[in-house]
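# Summary of the model geometry
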Amino acid sequence: MIGLISATAAGAAARDRLAAAWPDRTLVYDGPVGDAVRRAFDECEQLVCFLATGAVVRLVAPLLSDKASDPGVVCVDEAGRFAVSLVGGHGGGANELAVSVGGLLGAEPVVTTATDAVGVPGLDTLGLPVEGDVAGVTRALLDGEPVALDAEVAWPLPALPFAARDRTPGMPAVRLTDRAVAPGEGEVLVRPPSLVVGVGASRGVPVDEVLDLVEGALRDAGLSPRSLAELATVDAKRDEPGIVEAAARLAVPVVTYPAEELAKVEVPNPSDAPLAAVGTASVAEASALARGGELLVPKRKSARADGHASMATCAVVRRPARGRLAVVGLGPGARDLLTPRATAELRRAAVLVGLDQYVDQIRDLLRPGTRILESGLGAEEERARTAVEEARRGQAVALIGSGDAGVYAMASPALAEASDDIDVVGVPGVTAALAAGAILGAPLGHDHVSISLSDLHTPWEVIERRVRAAAEADLVVTFYNPRSRGRDWQLPKALSILAGHREPATPVGVVRNASRPDGTSRLTTLAELDPAWVDMMTVVTVGNTATRAVAGRMVTPRGYRWQEAAPEQPR
């Protein structure tokens, strides 16, 4: 919950706007400001104070105890010009809150934490447990000193700058490990969620028996419980109280699998007992290995002090690292049409793969240390393979394309290469057709289709068949890749096909470099369009039989029946 505190009418007005925007996330505190701040500090995860920063500093200073548990505090000035992340920038989420508050109120977010200021990811913001000299290693990263990255377990991290491959004595280091080791001097341990514990149990198993078994197995194997990702078991045990409560105490989810799926998993220690009980010869080992990995602790039974038979078994597996591939659409070119989600993925990536001219568009958004793999035109399949290979190595990868990456761009060749051993995230972008449509008016107001006229990948006979089908179906058509120096006859041919089904006065929009500073557009007709106006940076939108030019804009009516029956308006 976010506590909102104000002292004046101007502050209250901004406070109320925030409360109205986030009704389920905010709580307004009235009364004397000092009392309100103290109550909110005790009861909320975050505070937004519509007060001067000096006043808030004096009010919260006596309340601060630990940056890992203190709420994040954001200050907004009376005029609503700035949203200042004051306390708990990382741990309390104040940096992100300042950005969100600024977006809602039209205020400039002010973030002063060193890592955010220079674009280096904070080691305590990776979303993974960390231990050790976080401040010292972060300082070394900020100062540009060599920092070793010791990845005992592959895991998709964002870019970390100045990483050295070989650690020399005294060099600070980031160590990615699931081992139960203590951090050394000048070292930060980052704990990836790499361990899966499979659990089999009899009905009514005590929670303490499950906990003792799991914790003992990790301890004896020298593994850190902070790297435990989940407890796995068979579907029949999904509601077993002892397993469910043990997972809750360990703060991990319970993941279950059908018995018939577990029965297909090869295990070293099958047994007849679970086969008779739940339909698979292994529960602990099979559920831990269900998604692959390395068996670190074979099946072991719980030990009971009361002499009764064991009621639980477990096995521990280090699951294979799953790289992350984000396929990112950059939009038509204008920076303000690049989505916030795309920006976040670019900053999350340790490896960026893309066409050189697209890399240049967003190079300033990348974090220091991002490895850039760029290439020229015509290497689409090679870029797709490279991105997938990097993800398979456990990297966090962003593969970029213009517009929407799934529309005549990189998503198709990448996903054709990718198998289910990596995580894939699609990030939509504004397409050239949409950007051009917004400039022209509303040409896509009814059914429409996009067709690429490039026959480099598709035979012309197929393209022509699609153009004829669109013409006969009376669809609005947007042509991508309409004309180049080596392909100058395809556009006139496509237009002649459409002309056989549409009037010469049919509106046609021609937009070049949509949304960019040098962009141009013109509204013409099917009869007057000159193909010489068109190149590869242009999209051509041809209206259907209902499309009209209205006040210099291209409009395709939606065609609702009620429009036809609407009463005539007085003149």
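Use the structure listed above.
This report concerns the structure included in the present document. Since the structure is predicted, the reported quantities are computational estimates derived from the model, not experimental observations. What you see as residue numbers is a count from 1 along each chain, following the sequence as written. pLDDT decides what is reported in this predicted model: residues at 70 or higher carry local features, side-chain atom pairs at 80 or more are listed and counted, and totals for whole chains, interfaces and linings draw on all residues regardless. For side-chain calculations, the full set of non-hydrogen atoms in the structure is used, while hydrogens and water are omitted.

A pair of aromatic rings is counted whenever rings of Phe, Tyr or Trp (Trp by its six-membered ring) have centres within 6.5 Å, and the orientation is called stacked for planes under 30 degrees apart, edge-to-face for over 60 and tilted otherwise. Counted according to the given criterion, the structure contains two aromatic pairs. A centroid spacing of 5.0 Å and a plane angle of 70° characterise the contact between W460 and W489, whose relative ring orientation is edge-to-face. On the criterion of sequence distance, the pair formed by W460 in helix α17 (residues 460–472) and W489 in the loop between β24 (476–480) and α18 (490–499) is long-range, its members being 29 residues apart. Accessible area is worked out with a 1.4 Å probe on protein chains only. A residue is then buried under 20% of its type maximum, exposed over 50%, and partly exposed in between. By relative accessible area, which is 10% here, W460 ends up buried. Two thresholds decide whether a charge sits over a ring: the Lys NZ or Arg CZ must be within 6 Å of the ring centre and within 35 degrees of the ring normal. Between the NZ or CZ atom of R25 and the centre of the ring of W22, over which it lies, the distance is 4.2 Å. The ring of W533 carries the charged tip of R522 above its face, separated from the ring centre by 3.9 Å. Secondary structure is summarised from DSSP: a helix means a run of H or I of at least four residues, a strand means a run of E of at least two, and numbering begins at the N terminus for each.

Within this document, salt bridges are pairs made up of a side-chain nitrogen of Lys or Arg and a carboxyl oxygen of Asp or Glu, the two lying within 4 Å of each other. In total, this model carries 27 salt bridges according to the counting rule given. The salt bridge partner of R322 is D423, with a shortest N-O separation of 2.8 Å. Highlighted residues: R322 in the loop between β16 (312–318) and β17 (324–329) and D423 in strand β21 (residues 423–427), separated in sequence by 101 residues. Residue classification places R322 among the partly exposed residues on the basis of a relative accessible area of 34%. With a shortest N-O distance of 2.8 Å, R512 and D535 are connected by a salt bridge. With R512 in strand β25 (residues 507–512) and D535 in the loop between β26 (520–525) and β27 (538–542), this pair connects stretches of sequence that are 23 residues apart. Take D535: its relative accessible area is 23%, and that puts it in the partly exposed class. Among the ionic contacts, a cluster of salt bridges with common partners joins R15, D16 and D30.

Before going further, it helps to examine the state of the cysteines. One way to say it: the disulfide is the covalent bond shared by the sulfur atoms of two cysteines. Put simply, a disulfide is two cysteine sulfurs that come within 2.5 Å. Counted by the stated rule, this structure contains zero disulfides. Free cysteine: C75, not disulfide-bonded; nearest cysteine sulfur from C49 at 5.5 Å.

Once that is clear, we can look at the sheet that holds strand β4 (residues 72–76). Spatially, β2-β1-β3-β4-β5-β6 is the arrangement adopted by the six strands of the open sheet, whose pairing is mixed. Edge positions in the sheet fall to β2 (26–29) and β6 (108–110), since each of these pairs with one other strand and no more. Averaged over all neighbouring strand pairs, the angle between strand axes comes to 25°, with direction disregarded. Sheet topology note: the strand β1 (residues 2–6)/strand β3 (residues 46–50) ladder contains five bridges and is parallel. Of the residues in β3, the one forming a bridge with L4 is V48. Against the sheet, helix α1 (residues 9–21) touches β1, β2 and β3, its axis set at about 160° to β1. Whether two residues touch is decided by their heavy atoms; if any such pair falls within 4.5 Å, the residues are in contact. Angles shown run from 0 to 180 degrees and are taken between the N-to-C directions of axes, each axis being a line fitted to C-alpha atoms and, for helices, limited to the stretch in contact. Docked against the sheet, helix α3 (residues 53–60) engages β3, β4 and β5 (82–87), running at close to 25° with respect to β5. A pair of strands is labelled paired if DSSP reports no fewer than 2 bridges between them.

A few words now on helix α12 (residues 340–348). Within α12, burial applies to A342, E345 and L346. The buried side chains of α12 occupy one side of the element, clustering within an arc of 100° when seen end-on. Across from the buried face of α12, at angles greater than 90 degrees, the exposed residues are P340 and R341. Elements in contact with the buried residues of α12: β17, β18 (351–355), α13 (356–362), β20 (396–401) and β21. Of all possible arcs, the one meant is that of the directions from the helix axis to the C-beta atoms.

Our focus in this paragraph is unusual backbone geometry. Even without being glycine, N513 reaches a positive phi, approximately 50°. Its place among the elements puts N513 in the loop between β25 and β26. Despite not being glycine, S515 shows a phi value in the positive range, around 80°. You can see S515 is positioned in the loop between β25 and β26.

Before going further, it helps to spend a moment on the side chain of T431. Relative to the helices and strands, T431 resides in the loop between β21 and α16 (432–440). T431 sits in the buried class, given a relative accessible area of 10%. Excluding residues that lie within four positions of it along the chain, T431 makes contacts with G403, D404, V407 and Y480.

Before going further, it helps to examine the nonpolar core. Here the nonpolar core consists of buried residues drawn from Ala, Val, Leu, Ile, Met, Phe, Trp, Tyr and Cys, with membership extended through side-chain atoms lying within 4.5 Å. In terms of nonpolar packing, the biggest core is built from 25 residues, with V197, V199, V214, L218, L231, L250 and V316 touching the most fellow members. Only β12 (195–201), α7 (207–220), β13 (228–234), α8 (241–250) and β16 provide two or more residues apiece to this core. It is α7 that contributes the most residues to this core, seven residues altogether. Aside from chain neighbours lying at most four places away, what touches L231 is V197, V199, V214, I243, A246, A247, L250, V252, P253, V254 and V255. Residues A470, V477, V510 and L526 belong to the second largest nonpolar core, which totals 21 residues.

The analysis is restricted to geometry; functional conclusions fall outside its scope.
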